[in-house]
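Observations on the model geometry
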Amino acid sequence: QSVLTQPPSMSAAPGQNVTISCSGSSSNVGNNYVSWYQYLPGTAPKLLIYDTSKRPSGIPDRFTGSTSGTSATLGITGLQTGDEADYYCGTWDNSLSAGVFGGGTKLTVL
Amino acid sequence: QVQLVQSGAEVKKPGASVKVSCKASGYTFSSSDVNWVRQATGQGLEWMGWMNPNTGDTGYAQKFQGRVTMTRNTSISLAYMELSSLRSEDTAVYFCARGPRGQSYLDSWGQGTLVTVSS
């Protein structure tokens, strides 16, 4: 069981917008920055969002991040077929003194 | 540009150990932490631990305490992750990833190393 909870799967049509949730607690999401990763099996995960809402160079502004309390959200606007991937949230857990990830959300772009 | 290149796939028997290497380039190796993350087939990403290449300090997830050792050779910008007492559940793709010091995110990842544990 992952410390952070994400929906296992989501689907949407090209051009639509989606939000992926990441639920944690006060020992992790509630008091630490959250990062988001895009992962295609067989490749290296890619950092999409860091420090909850910042984008690394080269990541389009279609990807946004936010938090509210102990939940974080990744937003993707104007879905493209190339966005079909697994998405993971991650952060530090103060109680565990360890990095933690969500269980991942498989996004299907129909 | 920042690159992390990992060693090749390994097949090990239960009870054996495996040592995966991660060659860093494109940045000052000692200035960022190296983390290790794994993904078993059909499972999510799992954080294993971190190492400060400058000091050799490490921190391991409780699940791997006593079985994992993270080391480095700073002269050749290599990080290593050794996992012992392997069991079938350790079959996974293992990634090294760079973590800016004091931060919780991982901004560059290796290509992954498949470790298969099978008798």
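Relevant structure appears above.
Bear in mind that the values here come from a model prediction, so they are computed numbers and not experimental data. (Residues numbered from 1 in each chain as written. Chains lettered and ligands numbered in written order. Predicted model: local features only at pLDDT ≥ 70, side-chain atom pairs only at ≥ 80, totals over all residues. Heavy atoms only, no water.)

Below, the discussion takes up the overall build of chain A. From N to C terminus, chain A includes zero helices and nine strands. Ordered by position from N to C terminus, the α and β elements of chain A give β-β-β-β-β-β-β-β-β. Its C-alpha atoms give chain A a radius of gyration of 13 Å, near enough to 13 Å, the size a compact globule of 110 residues would have. Projecting the C-alpha coordinates of chain A onto the three principal axes gives extents of approximately 40 × 25 × 25 Å. Within chain A, the fraction of its 110 residues that count as buried is 45%. Carbon and sulfur atoms form 47% of the exposed surface of chain A, whose accessible area is close to 5,000 Å². (Helix = DSSP H or I, 4+ residues; strand = E, 2+ residues; numbered from the N terminus. Rg over C-alpha atoms; globule rule 2.2 N^0.38 Å. Buried < 20%, exposed > 50% of the residue type's maximum accessible area, 1.4 Å probe, protein only. Areas by Shrake-Rupley, 256 points an atom, 1.4 Å probe, with all protein chains shown as cover.)

Our focus in this paragraph is the packing of aromatic side chains. Within a pair of aromatic rings, the relevant descriptors are the distance that separates the centres and the angle that separates the planes. Taken as a whole, this structure holds seven aromatic pairs over all chains when the rule is applied. Residues Trp92(A) and Trp47(B) carry aromatic rings whose centres are separated by 5.6 Å and whose planes lie at 85° to one another, so their mutual orientation is edge-to-face. Placement of Trp92(A) in strand S7 (residues 85-93) and of Trp47(B) in strand S5 (residues 45-51) is noted, with the two residues assigned to different chains. Given the relative accessible area of 27%, Trp92(A) is considered partly exposed. (Phe/Tyr/Trp six-rings, centres within 6.5 Å; stacked < 30°, edge-to-face > 60°.)

The next subject is the pattern of salt bridges. All names here are of chain B. All chains considered together, the criterion is met by ten salt bridges over all chains. Between Asp-33 and Arg-101 there is a salt bridge; the shortest N-O distance is 2.8 Å. Of this pair, Asp-33 sits in strand S4 (residues 32-39) while Arg-101 is found in the loop between strand S9 (92-100) and strand S10 (108-109), placing the two residues 68 residues apart along the sequence. What emerges from the salt-bridge pattern is a single network uniting Arg-38, Glu-46, Lys-63, Arg-67 and Asp-90. (Salt bridge = Lys/Arg side-chain N within 4 Å of Asp/Glu carboxyl O.)

By definition, a disulfide links the sulfur atoms of two cysteines through a covalent bond. Residues and elements named next belong to chain A. What the rule picks out here adds up to two disulfides over all chains. The disulfide that involves Cys-22 links it to Cys-89, with 2.1 Å between the sulfurs. Sign of the S-S torsion, about 80° for the bond between Cys-22 and Cys-89, identifies this disulfide as right-handed. Residue Cys-22 is located in strand S2 (residues 18-23), and its partner Cys-89 is located in strand S7; the two are separated by 67 residues in the primary sequence. (Disulfide = S-S within 2.5 Å.)

Once that is clear, we can look at the environment of Gly8(B). All names here are of chain B. Examined against the element boundaries, Gly-8 turns out to sit in the loop between strand S1 (3-6) and strand S2 (10-12). A relative accessible area of 45% places Gly-8 in the partly exposed class. Sequence spacing of Gly-8 and Val-115 is 107 residues, and the spatial spacing of their C-alpha atoms is 8.9 Å.

To continue, consider the pairing of S4(B). All names here are of chain B. Counting buried residues in S4 gives eight out of eight residues, a clear majority hidden from the surface. Inspection of the sheet shows S4 paired to S9 by eight bridges, in the antiparallel sense. From the neighbouring strand, Val-34 faces S9, where its bridge partner is Arg-98. Bridge count for S4 against S5 is six bridges, and the pairing is antiparallel. In the strand pairing of S5, Trp-36 is matched with Gly-49. Taking the residues between adjacent antiparallel strands as the criterion, S4 and S5 are bridged by five residues, where Gly-42 takes a positive phi near 75°. (Pairing = 2+ DSSP bridges.)

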